[in-house]
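Inside the fold
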Amino acid sequence: MARIVQEFTKGLWKEVPPFRFVLGLCPVLAVTSNVQSALGLGCGVIFVLLVSNTLISTFRKLIPPKIRVPVFIVVIASAVTIVELSMEAYFYTLFEVLGIWIPLIVVNCLILGRAEAFARKEPVHLAVADGLGMGLGFTISLCVLASIREIIGAGTWFGMRVMPEAYLGFELFQRPPGAFICLGLLLFFINFLSQKLEKPKAG
Amino acid sequence: MTDYLLMMVTAIFANNIILIRFLGLCPFVGVSSSQESALGMSAAALFVNVLASTISWNVYNYLLVPLELQYLRTVAFILVIASLVQLVEIVLQKIAPALYKSLGIYLPLITTNCMIFGVAVLNIQEEHTFIETVVYAFATAIGFSLALNVLAGIRERFALGRVPALMSGFPLALITAGIMALCFYGFMGLGQ
């Protein structure tokens, strides 16, 4: 039980993607200009990660090591196709906004990374905990970055006005260059925070 | 001819695949710490990108469309790319073992390089003809190499200077990339 909790929570802070492992960066920058799309993509990633981790861990003893990567990729691609088709059917506006980024979940390094580093070695219940934790950590990170960019860039949050009417918004943060700079500063801040938090323990 | 030229300029500068469209970021921050590996990665990506786009365009238009299996696009494309990367890996291991070693984990990860897959999908979404597909794939890969090599050059200089420990590595690389993106953003007016 303790092990499940541990595998689940490591995704939330200790190994939170994409800040600790700089994996799966592309969507992190591309969909974070507002919180809605960040949350939408995050949910897609959680689903795919959960499906791929569960299936790969279930069949881990049957998959021949030599061709494991193609097998993983087919599993992931199928899960992504499910997300793609159901999003098109039920959340069409979100589907339109996310566009190419939904099929691109398939090449998110985070998902293949978890399959390779975790799910192919560990039993199912741990793989589920790991997938859920990592997916949740990823979604929260996306939302944090998106909140910063949306509030500073447009003065809104989830489409609602949070800054005073007179605030015009710092356009740069909504644009591609701002995404890089904002993520860079956030990574710096997280490094700073974890150093502050870990120092007392070390001393 | 002018159309193709315009398409190339747009894809390389105004819509740079990394800095403006955010495709292929993992190798961008991953292998940009030295120029040698940046060059190797660029060459591998150029080769794979053009081949993958060409093959997946044909697979889509001559296999999936006649059979009405368009929804299998994601699965089909990723399989094409995965087998291609395997091929490049085997060839590189044989011809240039030193380069193979320095690329390390990032060569197998070219399978999950969003650029390769993204360009293949973009070609279909934007309904490119066959020649346009080849030109577009080539141009995006050149844009990728340009951004990757410029960043690698800058990061090699940073290695000589004194950088605050908390900033070194990814944070600094990302902020540098941000400033580069700002420069590339200036080309926006050109393509439209």
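Residues numbered from 1 in each chain as written. Chains lettered and ligands numbered in written order. Predicted model: local features only at pLDDT ≥ 70, side-chain atom pairs only at ≥ 80, totals over all residues.

1. Comments concerning the packing of helix H4 (residues 73–95) of chain B against helix H6 (residues 114–125) of chain B
Residues and elements named next belong to chain B. Packing of H4 against H6 brings their axes to within 10 Å, and their N-to-C directions diverge by 135°. As summarised for this structure, H4 and H6 are arranged oblique, according to the angle between their axes. Our pair here, H4 against H6, has a crossing hand that is right-handed. In this structure, H4 uses Arg73, Phe77, Ile78 and Ile81 to contact H6, whose residues at the interface are Ile116, Phe117, Ala120, Val121 and Ile124. By residue class, the composition of the contact of H4 with H6 is 8 nonpolar, no polar and 1 charged. (Axes fitted to C-alpha atoms, helices over the stretch in contact; angles between N-to-C directions. Helix = DSSP H or I, 4+ residues; strand = E, 2+ residues; numbered from the N terminus. Parallel < 35°, antiparallel > 145°, perpendicular 65-115°, else oblique. Left-handed = near helix turned anticlockwise from the far one by under 90°. Contact = placed C-beta atoms within 7 Å. Nonpolar A, V, L, I, M, F, W, Y, C, P; charged D, E, K, R; others polar.)

2. Considerations on the packing of helix H7 (residues 130–160) of chain B against helix H8 (residues 170–185) of chain B
Residue and element names in this part refer to chain B. Look at H7 against H8: their axes get within 11 Å of each other, and the N-to-C directions meet at 130°. With respect to each other, H7 and H8 are oriented oblique. Considering only the axes of H7 and H8, their crossing is right-handed. Contact with H7, carried on its side by Ala147, Val150, Leu151, Ile154, Arg155 and Phe158, involves Leu172, Ala173, Thr176, Ala177 and Met180 of H8 and no other residues of that element.

3. Here we look at the interface of chain A and chain B
Opposite the 35 residues of chain A that make contact, chain B presents 33 residues. Take the side of chain A that touches chain B: its biggest share by element is 11 residues, from helix H8 (residues 176–202) of chain A. Of the residues that constitute the side of chain A that touches chain B, the class distribution is 28 nonpolar, 5 polar and 2 charged.

Note that every value here comes from positions in space, so none of it alone points to a role or purpose.
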